[in-house]
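Here's the letter readout for the chains.
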Amino acid sequence: MQKPPVLLSLDLPDADATECFGVAMAPLLRAGDVLLLDGPIGAGKTHFARALIRARLGVQEEVPSPSFTLVQVYGAEPEIWHADLYRLTHPDEAIELGLDEAFHTAICLIEWPERLGDLLPETALTLQFSLTNSGEARQVVLRGGGDWAQRLAAFGQV
């Protein structure tokens, strides 16, 4: 399968910039959206997800990482599913978690998306996080098809 086109590339010089990016993405999302958060440990995936979830829910409290629970579900309309698939050993385990159904009804934030194998939704937006400036900063590259280019136009760089 061919990679979707690059829609946006952002330099995130610090944690505050990553948080602002998550806050800015929150209102763009709707039921059935899947964000594939890809990148190494420490690249900002969870920090981004927490900021997006807090902004979407309108809360300031701490949002727990799903590292040990695998999935955290938040009761907004639509629900927000935050999954950390690092510990999965087979894509079928994602089905057991109910992710295949959530892909259609919820906003899904998926860390370690390669663990999904063939279950990756075609309409997903991939956010590739990487460390830059000797690990002091981050970069995120967004790839996706469908209507993502129009939706991301709010960032003024698409």
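The structure displayed is predicted, hence computed values, not measured ones.

Each value, and the rule that gives it
Residues numbered from 1 in each chain as written. Predicted model: local features only at pLDDT ≥ 70, side-chain atom pairs only at ≥ 80, totals over all residues. Heavy atoms only, no water. Buried < 20%, exposed > 50% of the residue type's maximum accessible area, 1.4 Å probe, protein only. Helix = DSSP H or I, 4+ residues; strand = E, 2+ residues; numbered from the N terminus. Pairing = 2+ DSSP bridges. Axes fitted to C-alpha atoms, helices over the stretch in contact; angles between N-to-C directions. Contact = heavy atoms within 4.5 Å. Core = buried A, V, L, I, M, F, W, Y, C linked by side-chain atoms within 4.5 Å. Salt bridge = Lys/Arg side-chain N within 4 Å of Asp/Glu carboxyl O.

**Student:** With reference to specific residues and values, describe the pairing of strand E2 (residues 34-38).
**Tutor:** Counting buried residues along E2, 4 of its 5 residues qualify, which places the element largely inside the surrounding structure. Pairing analysis gives 4 bridges linking E2 to strand E5 (residues 107-111), with the strands arranged parallel. Looking across to E5, one finds that Leu 37 is bridged to Glu 111. Judged from the 4 bridges that link them, E2 and strand E6 (residues 125-132) form a sheet pairing that is parallel. For Leu 35, the partnering residue across the bridge sits in E6 and is Leu 125.

**Student:** Summarise the sheet that holds E6; cite the residues concerned and give the values.
**Tutor:** Reading across the sheet, the 7 strands line up as E1-E7-E6-E2-E5-E4-E3 and stay open at both edges, with mixed pairing between neighbours. In the strand order of this sheet, the two ends are held by strand E1 (6-12) and strand E3 (71-74), each with one partner. Pairs of neighbouring strands in the sheet enclose a mean axial angle of 15°, with direction left out of account. Taken strand by strand, helix H1 (residues 15-25) contacts E1, E2, E6 and strand E7 (137-143), and its axis lies near 145° from that of E1.

**Student:** Which residues make up the nonpolar core, and what values go with them?
**Tutor:** If you look at the biggest cluster of nonpolar residues, it comprises 28 residues, and the most contacted ones within it are Phe 21, Met 25, Leu 35, Phe 48, Leu 109, Leu 125 and Leu 127. Among the elements of the structure, E1, H1, E2, helix H2 (45-57), E5, E6, E7 and helix H5 (148-152) are those that each provide at least two residues to this core. Look past the residues within four positions of Leu 127 in its chain and what remains in contact with it is Phe 21, Leu 35, Leu 36, Leu 37, Asp 38, Phe 48, Val 140, Val 141 and Leu 142. Membership of the second largest hydrophobic core comes to 18 residues, among which are Leu 88, Leu 99, Ala 106 and Cys 108.

**Student:** I'd like a description of the pattern of salt bridges, backed by residues and values.
**Tutor:** Per the stated rule, a full pass over the model turns up 5 salt bridges. Asp 147 is paired through a salt bridge with Arg 30; the nearest N and O atoms lie 2.4 Å apart. Here Asp 147 is found in the loop between E7 and H5, whereas its partner Arg 30 is found in the loop between H1 and E2, with 117 residues between them in sequence. Judged by relative accessible area, which is 30%, Asp 147 ranks as partly exposed. A salt bridge links Asp 147 to Arg 151, with the shortest nitrogen-to-oxygen separation between them at 3.3 Å. On the basis of relative accessibility, which here comes to 12%, the residue Arg 151 falls in the buried class.

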